[in-house]
Amino acid sequence: MKITYDHEVDALYIRFTDTTVISKHLNDGIALDYDAFNHLAGIEILDAAQRVHNPETLKPVLFEKVPAREIKNQVATNS
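Model, not experiment: these values are computed from the prediction. (Residues numbered from 1 in each chain as written. Predicted model: local features only at pLDDT ≥ 70, side-chain atom pairs only at ≥ 80, totals over all residues. Heavy atoms only, no water.)

Scanning the protein chain from N- to C-terminus turns up two helices and five strands. Starting at the N terminus and walking to the C terminus, you meet the elements of the protein chain as β-β-β-β-β-α-α. Scored against the burial criterion, the 79 residues of the protein chain give a buried share of 38%. Considering only contacts in the protein chain between residues 6 or more positions apart, those separated by 24 or more positions represent 48%. (Helix = DSSP H or I, 4+ residues; strand = E, 2+ residues; numbered from the N terminus. Buried < 20%, exposed > 50% of the residue type's maximum accessible area, 1.4 Å probe, protein only. Contact = heavy atoms within 4.5 Å.)

The next point concerns the environment of L26. Tracing the chain through its elements places L26 in strand β3 (residues 22-27). A residue is classified by how much of its surface remains accessible, and L26, at 55% relative accessible area, is exposed.

The subject of this paragraph is the packing of aromatic side chains. Ring pairs (aromatic) are described by centroid distance and by the angle formed between their planes. All chains considered together, the criterion is met by zero aromatic pairs. K24 extends its terminal NZ or CZ atom over the ring of Y34, reaching a point 4.8 Å from the ring centre. (Phe/Tyr/Trp six-rings, centres within 6.5 Å; stacked < 30°, edge-to-face > 60°. Lys NZ or Arg CZ within 6 Å of the ring centre and 35° of its normal.)

On to the pattern of salt bridges, then. One pass over the full model with this rule turns up one salt bridge. With a shortest N-O distance of 3.2 Å, D18 and R15 are connected by a salt bridge. Look at R15 and you get buried, because its relative accessible area is 15%. (Salt bridge = Lys/Arg side-chain N within 4 Å of Asp/Glu carboxyl O.)

Let us look at the sheet that holds strand β5 (residues 40-46). Strand order in the open sheet formed by five strands is β1-β2-β5-β4-β3, with antiparallel pairing between adjacent strands. Only two strands of the sheet have a single partner each, and these edge strands are β1 (2-6) and β3. For this sheet, the mean angle separating the axes of adjacent strands, direction not counted, is 15°. Inspection of the sheet shows β3 paired to strand β4 (residues 30-34) by five bridges, in the antiparallel sense. Each residue of the ladder has a partner; that of H25, found in β4, is A31. (Pairing = 2+ DSSP bridges. Axes fitted to C-alpha atoms, helices over the stretch in contact; angles between N-to-C directions.)

Encoded structure:
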């Protein structure tokens with residue numbers, strides 16, 4: 001599992017497996033990514049800091065920082 005948070009675009013992504021995915025949007029800014037076997041492969045949360053009581057709680061979650069363009073490319077590819 002890999003968790004990334006980009007503070008510049010306020011996007012949190014939890015990746016369970018690295019594979020090609022199909023995204024299903026739950027509501028504004030939240031999407032679930034499924035693999036070819038319909039298993040949950042990842043969760044994307046946009047405006048993440050606005051969705052938690054204290055945005056400081058996202059700082060300890062930062063395992064790997066990725067450039068915003070990588071997240072945007074991933075979203076564009078998976079949409």
